[in-house]
Amino acid sequence: MQARPETLALRRQLIGSSCKLFFPEEPVKIVRAKGQYIYDEHGREYLDCINNVSHVGHCHPDVVKAAHEQNQLLNTNSRYLHDNLVDYAKRLSKTLPEKLCTFYFLNSGSEANDLALRLARQYTKHKDVIVLDHAYHGHLTSLIDISPYKFRNLEGQKEWVHVAPLPDTYRGMYREDHKDSVLAYANEVKKIIEQAQKKGRKIAAFFIESLPSVGGQIIPPEGYFQMIAEHIHKAGGVFVADEIQVGFGRVGKCFWAFQLQGEDFVPDIVTMGKPMGNGHPIACVATTKEIAEAFADTGVEYFNTFGGNPVSCAIGLAVLDVIEKEHLQAHATQVGNFLMELLNQQKVKHPIIGDVRGVGLFIGVDLIKDQEKRTPATKEAEYLITRLKREYILLSTDGPGRNVLKFKPPLCFTMDNAKLVVDKMDEILTDMEREKTCEPVGNHH
Ligand SMILES: Cc1ncc(COP(=O)(O)O)c(C=O)c1O
């Protein structure tokens with residue numbers, strides 16, 4: 001095996017520099033993983049609070065076995081009949097509202113959102129899209145266009161894209177003291193639709209992550225989706241719920257995060273990815289018969305070489321089995337609640353913690369410089385995760401101010417893991433208060 005500096009040098013030489021490393025000052029070289037732990041080349045164990053893709057645990061034996069067994073038998077495209085494809089679609093349909101009964105299988109979240117955009121446009125015959133500020137929906141050209149998180153640093157906003165404010169009741173335009181923040185945020189979308197229509201534009205879709213993650217681990221107020229859906233449908237558009245980060249039981253009490261809004265809410269299109277294959281590239285679009293039929297009416301075939309192959313579907317089925325067998329939804333609720341409780345105790349102790357929000361094992365800790373303006377404590381957040389990394393705990397930051405600590409570990413994360421992270425956070429925050437420092441720490445091992 002190459003030594004870490006050699007791997008780093010080769011990477012710098014051969015890999016595009018826009019593909020960034022975690023902890024660029026002292027990147028971690030990992031060689032294996034199990035459950036919620038990853039191991040470096042010296043066998044040192046890191047606790048993984050970041051990887052929402054290794055959903056049921058890194059290298060889960062049941063998932064690895066399913067892949068291996070199917071790999072030995074057959075792998076081919078979806079132009080042949082195969083049980084895995086239909087069995088998997090059937091299993092997924094059981095998790096969704098009845099109306100969402102048609103499936104397309106693909107290889108990545110970006111592909112899923114790109115197809116969702118095509119479906120929406122074909123069905124509505126409209127072009128425009130409304131998205132939330134700071135949203136990220138993928139790396140394809142079409143999705144950079146609907147991702148303010150990216151396009152603000154590139155060519156800017158296309159005329160067919162409209163940006164609505166994040167329904168963030170902690171640091172957004174309507175906060176917890178507003179008398180009806182749900183209505184106020186929904187009215188912002190209504191206004192955007194009216195303004196667009198005045199210019200002769202027609203709305204094809206509203207894209208939203210069911211819990212905006214890149215936006216800073218935001219929990220949209222209940223009822224918001226229903227109000228938006230009403231406005232969007234009236235404008236002839238469709239509602240797309242991006243479940244790529246937050247789906248598959250991460251939120252605990254529901255399988256899909258959009259279900260947190262209430263049973264009466266049903267999106268027109270749901271996109272899935274990341275956790276779906278526990279690390280294997282597989283993604284999906286679920287939609288209604290009507291939308292799928294409008295797409296088919298073009299007469300143009302939808303073919304995706306790898307999407308829905310028997311191996312991917314075997315893996316997808318194994319992931320669903322593990323979620324059920326290991327009761328991972330109930331576990332996410334139990335451990336998530338415990339972690340939130342511990343973090344809330346820290347909030348009382350450390351004024352830098354402005355807000356703790358989350359559901360299941362999707363939790364954000366908003367670090368602030370001052371209580372009044374809630375100025376993002378960006379440098380402090382960076383310092384904290386660098387110090388945690390030195391304690392062999394991997395955590396990331398997110399949000400427009402990169403000041404929100406983002407917990408989205410594999411669902412096998414335990415109470416002991418939660419306690420360990422929070423104890424370490426407490427130690428580091430206490431040090432930071434005492435030393436009044438958050439300067440970059442020099443090179444470690
Ligand atoms: C919410 C959301 N949508 C879409 C994507 C794109 O998925 P992928 O990287 O698999 O193409 C991501 C990836 O980070 C995401 O977080």
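Cut-offs applied
Residues numbered from 1 in each chain as written. Predicted model: local features only at pLDDT ≥ 70, side-chain atom pairs only at ≥ 80, totals over all residues. Heavy atoms only, no water. Salt bridge = Lys/Arg side-chain N within 4 Å of Asp/Glu carboxyl O. Helix = DSSP H or I, 4+ residues; strand = E, 2+ residues; numbered from the N terminus. Buried < 20%, exposed > 50% of the residue type's maximum accessible area, 1.4 Å probe, protein only. Pairing = 2+ DSSP bridges. Axes fitted to C-alpha atoms, helices over the stretch in contact; angles between N-to-C directions. Left-handed = near helix turned anticlockwise from the far one by under 90°. Contact = heavy atoms within 4.5 Å. Nonpolar A, V, L, I, M, F, W, Y, C, P; charged D, E, K, R; others polar. Phe/Tyr/Trp six-rings, centres within 6.5 Å; stacked < 30°, edge-to-face > 60°. Lys NZ or Arg CZ within 6 Å of the ring centre and 35° of its normal. Domains from an automatic or database assignment. Buried area = accessible area lost by both parts, 1.4 Å probe. Polar contact = N/O pair within 3.5 Å; in protein donor to acceptor, adjacent residues only side chain to side chain.

1. A short note on the pattern of salt bridges
Part 1 of the reasoning: As enumerated under the stated definition, the model contains 25 salt bridges in all.
Part 2 of the reasoning: For the salt bridge of Asp268 with Lys99, the shortest nitrogen-to-oxygen distance reads 3.6 Å. With Asp268 in the loop between strand S8 (238-242) and strand S9 (269-272) and Lys99 in the loop between helix H3 (83-95) and strand S4 (102-106), the pair connects residues that are 169 residues apart, well separated along the chain.
Part 3 of the reasoning: In this structure Asp268 comes out as buried when scored by relative accessible area, which is 7%.
Part 4 of the reasoning: The salt bridge involving Lys419 is made with Asp423; its shortest N-O contact spans 3.1 Å. Of the two residues, Lys419 and Asp423 both sit in helix H13 (residues 415-435), four residues apart, roughly one turn of that helix.

2. Some words on the sheet that holds strand S12 (residues 362-367)
Part 1 of the reasoning: Sheet architecture is open: four strands sit in the order S11-S12-S15-S14, paired in antiparallel fashion. What marks the edges here is a single partner per strand, and that holds for strand S11 (353-359) and strand S14 (396-398). Neighbour to neighbour, the strand axes of the sheet diverge by 30° on average, direction disregarded.
Part 2 of the reasoning: Bridge count between S14 and strand S15 (residues 404-407): three bridges; the pairing is antiparallel.

3. Here's the deal with the packing of H3 against helix H10 (residues 310-325)
Part 1 of the reasoning: Between H3 and H10, whose axes approach to 8 Å, the crossing angle comes to 35°. Like other packed secondary-structure pairs, H3 and H10 cross with a definite hand, here left-handed. Touching Asn84, Leu85, Asp87, Tyr88, Arg91 and Leu92 of H3 are Pro310, Cys313, Ala314, Gly316, Leu317, Leu320, Asp321 and Glu324, all from H10.
Part 2 of the reasoning: Residues of the contact of H3 with H10, tallied by class, amount to eight nonpolar, two polar and four charged.

4. Digging into the sheet that holds S8
Part 1 of the reasoning: Sheet architecture is open: seven strands sit in the order S4-S10-S9-S8-S7-S5-S6, paired in mixed fashion. Only two strands of the sheet have a single partner each, and these edge strands are S4 and strand S6 (161-164). Within the sheet, the average angular offset between the axes of one strand and its neighbour, ignoring direction, is 20°.
Part 2 of the reasoning: The strands touched by H3 within the sheet are S4, S9 and strand S10 (283-287), with S4 carrying the most contacts at an inclination of about 120°.
Part 3 of the reasoning: On top of the sheet, helix H7 (residues 181-198) reaches strand S5 (128-132), S6 and strand S7 (203-209); it is set at about 155° to S6, its chief contact.

5. Thoughts on the packing of aromatic side chains
By convention here, two paired aromatic rings are described through the distance between centres and the angle between planes.
Part 1 of the reasoning: Summed over the entire model, instances satisfying the criterion amount to 18 aromatic pairs.
Part 2 of the reasoning: Ring centres of Tyr104 and Tyr302 lie 6.0 Å apart, and the angle between their planes is 85°; on these two criteria the pair is classed as edge-to-face. Residue Tyr104 is located in strand S4, and its partner Tyr302 is located in the loop between helix H9 (289-296) and H10; the two are separated by 198 residues in the primary sequence.
Part 3 of the reasoning: When the centroid spacing of 5.0 Å and the interplanar angle of 80° are considered together, the rings of Phe255 and Trp256 count as edge-to-face.
Part 4 of the reasoning: Among the residues examined, Phe255 registers a relative accessible area of 12% and is labelled buried.
Part 5 of the reasoning: By relative accessible area, which is 0% here, Trp256 ends up buried.
Part 6 of the reasoning: Feature note: the residues Phe206, Tyr224, Phe225, Phe239, Phe258 and Phe265 constitute an aromatic cluster, connected by ring pairs.
Part 7 of the reasoning: Over the ring of Tyr39 we find Arg32, and its NZ or CZ is 4.1 Å from the ring centre.
Part 8 of the reasoning: Sitting above the plane of the Trp160 ring, Arg121 keeps its charged end 4.4 Å from the centroid.

6. What to know about the domain arrangement of the protein chain
Part 1 of the reasoning: Domain parsing of the protein chain yields domain 1 (4-56 + 327-437) and domain 2 (61-325).
Part 2 of the reasoning: On a C-alpha basis, the centroid separation for the pair domain 1 and domain 2 is 26 Å.
Part 3 of the reasoning: Residue-level contacts link 38 residues of domain 1 with 38 residues of domain 2.
Part 4 of the reasoning: A buried area of about 3000 Å², summed over both sides, lies between domain 1 and domain 2, and 53% of it is on carbon and sulfur atoms.
Part 5 of the reasoning: Three residues stand out in domain 1 for area buried against domain 2, namely Gln329, Phe362 and Arg374, and they jointly supply 25% of the buried area on that side.
Part 6 of the reasoning: The closest approach of N and O atoms between Asp366 and Arg171, which form a salt bridge, is 2.5 Å.
Part 7 of the reasoning: The interface formed by domain 1 and domain 2 includes 21 residue pairs in polar contact (both at pLDDT 80 or more).
Part 8 of the reasoning: Elements with a minimum of two residues in the side of domain 1 that touches domain 2: helix H11 (328-349), S11, S12 and S15.
Part 9 of the reasoning: Its residues assigned to classes, the side of domain 1 that touches domain 2 comprises 17 nonpolar, twelve polar and nine charged.

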